[in-house]
There are 2 protein chains.
Amino acid sequence: MSKWVYSFGKDRNDGDTSMRNLLGGKGSNLAEMAGLGLPVPPGFTITTEVCTEYYNNDQNFSEELAAQVEAALASVEAEMDAKFGDVSNPLLVSVRSGARVSMPGMMDTVLNLGLNDETVKGLEEQSGDARFAWDSYRRFIQMYGDVVLGIDHHEFEDVIDRYKRDADVRQDTDITADGWKEIVGEYKKVVEQEIGKPFPHDPQEQLWGAISAVFKSWMVPRAITYRKIHEIPGDWGTAVNVQSMVFGNMGEDCATGVAFTRDPSNGENYFYGEYLINAQGEDVVAGIRTPQSLTKKGREMEGSNMPSMEEAMPGVFKQLDDVRLKLEKHYKDVQDLEFTVQKDKLFMLQTRSGKRTAKAALKIAVDMVEEGLITQEEALLRVDPQALDQLLHPTLDPDASKDILTKGLPASPGAASGKVVFTSEEAETQAGAGENVILCRQETSPEDIAGMHAAAGILTSRGGMTSHAAVVARGMGTCCVAGAGELHIDVKSKMIRVGEREIKEGDILTLDGSTGEVMSGPVDTIQPELSGEFGILMAWADERRRMKVRTNAETPLDAKTAREFGAEGIGLCRTEHMFFDPERIQNVREMIFATNEAERRAALDKLLPAQRSDFAGLFEIMSGLPVTVRLLDPPLHEFLPHEQEDIDNFAKIAGIDGEQVRRRLNDLYETNPMLGHRGCRLGITYPEIYEMQARAIFEGALEAAEKTGAPPVPEVMIPLVSARKELDILRGRVEAIAADVFKEKGKDLDYIVGTMIELPRACLTANDIAGSADFFSFGTNDLTQTALGMSRDDAANFLPEYVGKGIYERDPFASLDVEGVGRLIEVAVHGGRQTNVDIKLGICGEHGGDPASIAFCEQVGLDYVSCSPYRVPIARLAAAQAAIREGQAKTVPLDSKAAANG
Amino acid sequence: MSKWVYSFGKDRNDGDTSMRNLLGGKGSNLAEMAGLGLPVPPGFTITTEVCTEYYNNDQNFSEELAAQVEAALASVEAEMDAKFGDVSNPLLVSVRSGARVSMPGMMDTVLNLGLNDETVKGLEEQSGDARFAWDSYRRFIQMYGDVVLGIDHHEFEDVIDRYKRDADVRQDTDITADGWKEIVGEYKKVVEQEIGKPFPHDPQEQLWGAISAVFKSWMVPRAITYRKIHEIPGDWGTAVNVQSMVFGNMGEDCATGVAFTRDPSNGENYFYGEYLINAQGEDVVAGIRTPQSLTKKGREMEGSNMPSMEEAMPGVFKQLDDVRLKLEKHYKDVQDLEFTVQKDKLFMLQTRSGKRTAKAALKIAVDMVEEGLITQEEALLRVDPQALDQLLHPTLDPDASKDILTKGLPASPGAASGKVVFTSEEAETQAGAGENVILCRQETSPEDIAGMHAAAGILTSRGGMTSHAAVVARGMGTCCVAGAGELHIDVKSKMIRVGEREIKEGDILTLDGSTGEVMSGPVDTIQPELSGEFGILMAWADERRRMKVRTNAETPLDAKTAREFGAEGIGLCRTEHMFFDPERIQNVREMIFATNEAERRAALDKLLPAQRSDFAGLFEIMSGLPVTVRLLDPPLHEFLPHEQEDIDNFAKIAGIDGEQVRRRLNDLYETNPMLGHRGCRLGITYPEIYEMQARAIFEGALEAAEKTGAPPVPEVMIPLVSARKELDILRGRVEAIAADVFKEKGKDLDYIVGTMIELPRACLTANDIAGSADFFSFGTNDLTQTALGMSRDDAANFLPEYVGKGIYERDPFASLDVEGVGRLIEVAVHGGRQTNVDIKLGICGEHGGDPASIAFCEQVGLDYVSCSPYRVPIARLAAAQAAIREGQAKTVPLDSKAAANG
């Protein structure tokens, strides 16, 4: 017999945190906390395996499960000394979903389950508070109606609004026991109207209805979308947690709150959180009431005069603070807690690893090493390299003039300017069209996930630092200002009103997620200043990683930026980018229009000085470092004019007949230019082009060497090789030019010649090609296109559907397709090293900056990765993590560790 | 010390036919004949290794070689009882090139070497014939001048023409001894004028000059071209044969000739050949005098009244006929012989395997099995599958009206119509532009090779059945009429005159290479009737081959033709070809323009009946056989109108706004359609298209099964799969449709579902894909494009240069790239069989009809090949050869062998 149900609590505790896959994050941590002796209301977890069984079994439950649930419930009843469905002493429970990883897309919670027209009287009796009892009952109907029965929560809110209008009361808190009783009556009518039968009276029926709803919520579209965005497999399933209720809304000695053991936005080591007196947890998370700070420090920082928990409930706060320290020491990580205080007694409802900004992640990781909680290696593995992106992008210029409209909560750091949109759909549409958009909502909900993902910034008028908007935005690394209460966001009329001003859809707003400022119009930005922790962590990463990190750059600005970010050379300089300069393009075109070699050489001679000075500039910046220069790669027609005006203009300057230009354009047209006359095929058919480029490289390198005293190491890269003989021929030419230049200048320098491996045939014949190559650089963009037979330019019509259907787990152009492209790389690495043990191996496609792809590069033993300048730090960290995980990390001397720690 | 020189002859004979690689074809066979006791004038062979050494050593010879040549020459002098350079009794020699395979592109022969102003007197004395001696001397100067010194032979011919005009003589034979003496004087002046120094007098200098010229001729452009066409590696080198002279031109008891042991154009077993009395061999080969038939039978067949050798020289003819029988028995193959008769004594100058037409090859192979000379396996290996093409193409309709201009010799069978061109260059240019051309020359020379290769037919006004034109054309399988002496071919004015008529460049001529007829204008053609030998050999092939042979066909005509040629099913039916029918394309376009699934289904419903009846037709023809139907493959925009008129027309009929059509055209545009939204990607995004096609297949199959009683086996092929999940999804749909159709019709049949393996990723993940596939069909066209990153449509700009430079040895679209694409196939075969031992494996790219590629398919163990209908017999033979060579041939029962032999 399988064990489908695991109890947790003081008396009976079956699980622990190691069972996360089986019990979900929430369930396993409840058991772990109970095991630590912390005050956890007893309950039980129905495992994720039941979810899988449920779907395999046409959404039915087994009798076995029913029996195990009954037994677990009995043990909760025993510990709580109450009975589920009992009229005089009813046990009430919450039912919550709980997957391996937190998933806002799913059903969250049903509270107060077990209430009905009879048991509510028991609750009234037990609590001695009729108002509380009927408020609890109406909350239950509303939540159950919403999440289990699928009734729009507005239907219920309308009932309250009508009641308040009729009874002329302002606040929910002004509604009396009789008022809630009347509302409960109306609620039941709403339910019957909506679902065609009465609200379920039987607590068992309520319980199984809620359990089913949790499992069903695993497959609702927004959960599927969330999983897609976060790459969570659909077969993981969710667990269900049934837990005895405790009440934060039983009076002024009750409270509920959420907290982080450290500040999740900047990582500072103080107790960070919010609470509400006399409230249930949903009130904090949903952002319906703006909560108060947990600590005095927090209250002062926010400039609030609402008492903090530290001040209002010092005794319980002390207990909570002890729990905080105990949990952080136990888990060795920042925890995100939920708690409830019932009549001055603390109950822990959840603990989990706290989501944090990249800045916070860095500080926490470094601080914890200094505190002796974790090792440097653990610290390195704690920080998501992808999240560093947040730290590396511009922030607002503090000196720029700003038209500040209002200030909200600094919910997720970073800055963004963009067009105002009001719906998730519009955000997706506009962002899809290349616009930066700011998604403006009163509050966000899981339905908004796709739009939040698409937006450059998120702005809400309600909700706190732990509201849906804030938590999700931080997770995404998207800038967010939350709870900007002065804003009247009118989604229907697509208008934001703030004081006398109006912001319409399409207007530009700027958000500063680190200050909470909301500004009208665009604001200038500046480069981020990286914190000390960034430098420390990067130093640890650099000490450990095996692979070098280079950058893809052809402009001095990019090269400089990359150097500052720690690039150890250039892995890909795309020389054709230098051809598009307006002053040069005429010469490039004349070269293409040359009808014989002599004319072509004449045009190339005009290009030579410009290329030479480009290279000299790059070599100076990269002095002493390797610089891989790829010779001309794209098909020639990419350089030609296409608009009539351009054609005429070019023809006039070049003194060529316009008709001839059009004929040549026609001659150069290719059906599949990606697979056409490009790359080294140009070098073979028009050798003088590569000869000019080689000359520019060597002359430029000598020039730079003279200036800096530290010669660069040019690595001449021949693109699109499919057969060794191509490389033999072109290598010979490059070497001849080098010899000529060195002889002319009376100086020489080290250089190497290699190839871009970007065709399947090159991978398969790499053992042969390596006989003529000093290095291979994997061009995984083109290798993906050819291996998958998929043009990146044309994939938009089907690739999203492919990823949606799980045909490819991830976009293969963003993250390396390990099974296909990866296997080709393995073949090439093996073949290349077999022939030439010293061959240098690197990657220069977009994948060179993707952490998962970098992990693969470590696995196959590449020597370096190369990526765009802003991804260099990400690659440095990802390379270190990969080395640690693969057991390839370099040994760091003890004194170096001590120094870094000190 | 290396042995560089091998003697042959009666007294000393160092070599034999097994040393072909070292001694070349000619040299090794001269030694073999000498070893058999046949009358071979003594001589020696300088090995092919010397050629390599010569090029490695900056075109210099070693002293070692000089010593070995001296020794070998001495031994020739001893056997001949004459001395090289001796004034009174001079030894004269011929110097000939001789590579492993015969190469018309190289220097052929220098005769009479050793003559000078002194030794000519010795020759005069020895022969007692001053006219012969001086004619020999002038021939020597002319040949040496032409082939060693590089002087245009017209310069020498002009001297003779001037002499004849001045002396008022008509024929060369009318020139006296003094006349030749005077001409020799003029020749020496021509030489001195052209090369700036006198003609070499020293026989040793002459000898080494000729040897150098042979080695140099290995690298002349036309030799390189020939090697390229015939795929002969450049590093094989050539040997040099130095042989004592015998004279066919010493009088009326002398003769020279060439012969084949059987008729090389139809394979009949009679002695076939030509001879000239009182002539040197060059006179026969060069076609300067039209030679006489060797046998009485041959003379009668040609309708000639010039006496045959059998009649004119019965004694020597008998000796020659004995040699013929001895050689054929010895070599077990048809031999191509050269002989000279000097004063009634026979000398053999060459034997080699005789080039033959495909028809002859078949007959000879079958006859030799019946004669007990060779086995069936040997017979199968003797016939070049590619050559069968000659037998399978149309011949002239005998009932068609013909405008016969003249008749020449039927030099190479087959028929061709085409535009008249007069130069090799023009032939190449026009053929490159897609024209059929007839190359018209007085006589052809090795310089014409490239043009002959490009031409559809070859016509000459001079030369016989063994002239350059005839031999080369037969080798190429190109139709040729030679020696049509009534034609006045004027290359300069680009005009042919025949009687009163004039044929200009660009006019259409038709040649019948089997009758020698030359016709004005195009002539209707008919299908070939295959000989009985064809059927016998094919039966032997079918008994032995392991792989099945299918055809690529979608029309009933193609399917029927292929069945007649022995196809065992259809390996590739490209359903989209059925979409282009004018009546259907409107519906196809409406399907593409549908804005939702319902509209799309409506358009597809209109297409269904047509597709169903197409399939039913094919299934009937292939009753009981497997038929692989590939679902829609190309990108949708291939079906759309592009011309303004078509667009307007379509829009009008469909009732769609023209602007909307243009927008949709624009939406569907792809940068690289080959890598775009096509193949199963269409099936994934528009499932209803494949559903319609699957329905048409199953309904059509049931319909055909009912009619024929032998149900076909539909093999539904999903194209362009890159990941297993694509196949999982689409296979599921196909199976669902099959189940529906079978239920609706109350009948069912066997079918299988598989995929085209045409992307590198599919090969690499074949083990996974095979879990969902009943068969793999290798689509090597697209696999070549993606593996090499080379678009077939765009490769013309560089691929010829690539093949020319040897980057790829052969066009990878014509013959499978074994190192790259082949390796991918191996990976896929291995992976596929690992997962699914019963998986059916085939190939359906163009390579399925290429013998070299078929050999590869046998090596990797494919189950079948599929090719275009006309290549089916080629594939059957190639598959048998591959099976024999790989030791995979099926065992043939003895009685079957006997029956076939009987």
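Refer to the structure above for everything that follows.
As the structure is a prediction and not an experimental result, all values here were calculated from the model. (Residues numbered from 1 in each chain as written. Chains lettered and ligands numbered in written order. Predicted model: local features only at pLDDT ≥ 70, side-chain atom pairs only at ≥ 80, totals over all residues. Heavy atoms only, no water.)

(A) Broad picture of the overall build of chain A. From N to C terminus, chain A includes 36 helices and 33 strands. The C-alpha atoms of chain A give a radius of gyration of 32 Å, which matches the 29 Å a tight globule of 902 residues would have. For chain A, the spread of C-alpha atoms along the three principal axes comes to 100 × 60 × 55 Å. If you take every contact in chain A between residues at least 6 apart in sequence, the share linking residues at least 24 apart comes to 69%. Accessible surface, chain A as shown: approximately 35,100 Å² in total, 47% of it carbon and sulfur. Between the centroid of the 95 positive side chains of chain A and the centroid of its 143 negative side chains there is a distance of 3 Å. (Helix = DSSP H or I, 4+ residues; strand = E, 2+ residues; numbered from the N terminus. Rg over C-alpha atoms; globule rule 2.2 N^0.38 Å. Contact = heavy atoms within 4.5 Å. Areas by Shrake-Rupley, 256 points an atom, 1.4 Å probe, with all protein chains shown as cover. Lys, Arg positive; Asp, Glu negative; His and termini not counted. Charge placed at Lys NZ, Arg CZ, Asp CG, Glu CD.)

(B) Spotlight on the environment of Ala-469 of chain A. Residue and element names in this part refer to chain A. Along the chain, Ala-469 falls in helix α19 (residues 468-476). When the C-alpha atoms of Ala-469 and Ser-412 are compared, they prove to be 9.1 Å apart, with 57 residues separating the residues in sequence. Filtering out sequence-adjacent residues up to four positions away, Ala-469 remains in contact with Thr-444, Met-452, Ile-458, Thr-460 and Cys-480.

(C) The arrangement of the sheet that holds strand β27 (residues 570-574) of chain B in detail. Residues and elements named next belong to chain B. The parallel closed barrel is built from 8 strands, whose spatial order is β26-β27-β28-β29-β30-β31-β32-β33. The sheet shows a mean angle of 25° between the axes of neighbouring strands, taken without regard to direction. Examined bridge by bridge, β27 and strand β28 (residues 626-630) share 3 bridges and lie parallel to one another. Looking across to β28, one finds that Ile-570 is bridged to Val-627. Strands β26 (548-552) and β33 (864-867) of the sheet are contacted by helix α35 (residues 872-885), whose axis makes an angle of about 155° with β26. (Pairing = 2+ DSSP bridges. Axes fitted to C-alpha atoms, helices over the stretch in contact; angles between N-to-C directions.)

(D) Up close: unusual backbone geometry. The residue Lys-494 of chain A is not glycine, and still its phi comes out positive at about 50°. Overall, the relative accessible area of 32% leaves Lys-494 of chain A in the partly exposed class. One non-glycine residue, Asp-168 of chain B, adopts positive backbone phi at about 55°. Assignment of secondary structure puts Asp-168 of chain B in the loop between α6 (153-167) and α7 (177-195). Residue classification places Asp-168 of chain B among the exposed positions, given a relative accessible area of 69%. (Buried < 20%, exposed > 50% of the residue type's maximum accessible area, 1.4 Å probe, protein only.)

(E) Layout of the interface of chain A and chain B. Taken together, the contact pairs 46 residues of chain A with 46 residues of chain B. Summing the contributions of chain A and of chain B, the shared interface buries around 4,300 Å²; its carbon and sulfur component is 55%. Area buried by chain A at its contact with chain B is led by Leu-675, Arg-761 and Leu-764 of chain A, which between them contribute 15% of it. At the junction of chain A and chain B, the tally comes to 4 salt bridges. A salt bridge links Arg-761 of chain B to Glu-819 of chain A, with the shortest nitrogen-to-oxygen separation between them at 3.6 Å. Taken together, the elements giving at least two residues each to the side of chain A that touches chain B come down to α26 (680-685), α28 (724-745), α29 (760-764), α31 (780-788), α32 (799-804) and α33 (818-835) of chain A. (Buried area = accessible area lost by both parts, 1.4 Å probe. Salt bridge = Lys/Arg side-chain N within 4 Å of Asp/Glu carboxyl O.)

(F) The packing of aromatic side chains, seen in detail. Inspection of every chain in the model, using the stated rule, returns 46 aromatic pairs over all chains. Ring geometry for Phe-271 of chain B versus Phe-317 of chain B: centroids 6.0 Å apart, planes at 40°, classification tilted. Remark: Phe-317 of chain B occurs in helix α13 (residues 314-331) and Phe-271 of chain B occurs in the loop between β8 (255-260) and β9 (272-277); sequence separation between them is 46 residues. Grouped by ring-pair contacts, the aromatic residues Tyr-54, Tyr-55, Phe-61, Trp-208 and Phe-215 of chain A constitute a single cluster. Across from the ring centre of Tyr-864 of chain A, 3.8 Å away, lies the NZ or CZ of Arg-550 of chain A, which sits over that ring. For the cation-ring pair, Lys-3 of chain B lies above Tyr-6 of chain B, with the distance from its terminal atom to the ring centre recorded as 4.7 Å. (Phe/Tyr/Trp six-rings, centres within 6.5 Å; stacked < 30°, edge-to-face > 60°. Lys NZ or Arg CZ within 6 Å of the ring centre and 35° of its normal.)

(G) Region of the structure containing the packing of helix α5 (residues 130-148) of chain A against helix α6 (residues 153-167) of chain A. Residue and element names in this part refer to chain A. For the pair α5 and α6, the least separation of the axes is 9 Å and the interaxial angle reads 150°. Considering the angle they form, α5 stands roughly antiparallel to α6. Contacts between α5 and α6 pair Arg-138, Ile-141, Gln-142, Gly-145 and Asp-146 from the former with His-153, Phe-156, Glu-157 and Ile-160 from the latter. Tallied by class, residues from the contact of α5 with α6 come to 3 nonpolar, 3 polar and 3 charged. (Parallel < 35°, antiparallel > 145°, perpendicular 65-115°, else oblique. Nonpolar A, V, L, I, M, F, W, Y, C, P; charged D, E, K, R; others polar.)

(H) Seen up close, the relation of the copies chain A and chain B. Of the transformation placing chain A onto chain B, the axial shift is 0.2 Å and the rotation is 180°, giving an RMSD of 0.3 Å. What the rotation and shift describe, once combined, is the action of a two-fold rotation axis. Relative to the rotation axis, the C-alpha of Asn-672 of chain A is the closest in chain A, positioned 2.1 Å from it. An overlap of 100% is found between the interface residues of chain A and their copies at the interface of chain B, pointing to a shared contact surface. (Least-squares fit on C-alpha atoms with pLDDT ≥ 70 in both.)

(I) Representation of helix α3 (residues 63-80) of chain B in the model. Residues and elements named next belong to chain B. Between its first and last C-alpha atoms α3 spans 26 Å; for 18 residues at 1.5 Å apiece the expected length is 26 Å, and the two agree. Every buried residue of α3 is listed here: Leu-65, Gln-68, Val-69, Ala-72, Leu-73, Val-76, Glu-77 and Glu-79. Directly beyond the C-terminal end of α3, a positive phi value near 55° is found at Asp-81. (Expected span 1.5 Å × (residues − 1).)

(J) View of the environment of Ala-828 of chain B. Residue and element names in this part refer to chain B. Looking at the element boundaries, Ala-828 is found in helix α33 (residues 818-835). Sequence separation of Ala-828 and Thr-765 is 63 residues, and the distance between their C-alpha atoms is 7.5 Å. Once residues lying within four places of it in the same chain are set aside, the contact partners of Ala-828 are Ile-757, Cys-763, Ala-766, Phe-776 and Phe-778.

(K) Up close: helix α2 (residues 48-56) of chain B. Residues and elements named next belong to chain B. When we look at burial in α2, the residues that qualify are Thr-48, Val-50, Cys-51 and Tyr-54. Seen from one end, α2 has its buried residues packed into an arc of 150°, which puts them on one side. Check the buried side of α2 and you find it contacts α1 (20-35), β2 (43-46), α3, α8 (203-217) and β7 (238-244). Looking at the residues trailing α2, positive phi occurs at Asp-58, about 55°. (Arc of directions from axis to C-beta.)

(L) Seen up close, the pattern of salt bridges. All names here are of chain A. Applying the stated criterion to the full structure yields 118 salt bridges over all chains. In this structure, Arg-352 engages Asp-336 in a salt bridge whose closest nitrogen and oxygen atoms are separated by 3.0 Å. A residue pair is termed long-range when its members are at least 10 positions apart, and Arg-352 in strand β12 (residues 345-353) and Asp-336 in strand β11 (residues 335-342) qualify at 16 residues. The partly exposed category is assigned to Arg-352, whose relative accessible area is 25%. Classification of Asp-336 as buried rests on a relative accessible area of 9%. Note that Arg-731 is salt-bridged to Asp-774, the shortest N-O span being 3.0 Å. Of the two residues, Arg-731 sits in helix α28 while Asp-774 sits in the loop between α30 (766-769) and β31 (775-778), which places them 43 residues apart along the sequence. According to the relative accessible area criterion, Asp-774 is partly exposed, its value standing at 25%.

(M) Geometry of the sheet that holds strand β14 (residues 403-407) of chain A. All names here are of chain A. Read across the open sheet, the 8 strands follow the order β14-β24-β23-β16-β17-β18-β19-β15; overall the sheet is mixed. One side of each edge strand has no neighbouring strand; the edge strands of this open sheet are β14 and β15 (409-412). Within the sheet, the average angular offset between the axes of one strand and its neighbour, ignoring direction, is 30°. Examined bridge by bridge, strand β23 (residues 508-512) and strand β24 (residues 517-520) share 4 bridges and lie antiparallel to one another. What sits directly across from Thr-510, in β24, is Met-519. In this fold helix α17 (residues 424-432) packs onto β16 (415-421) and β17 (437-441), with an angle of close to 180° to the strand it touches most, β17.

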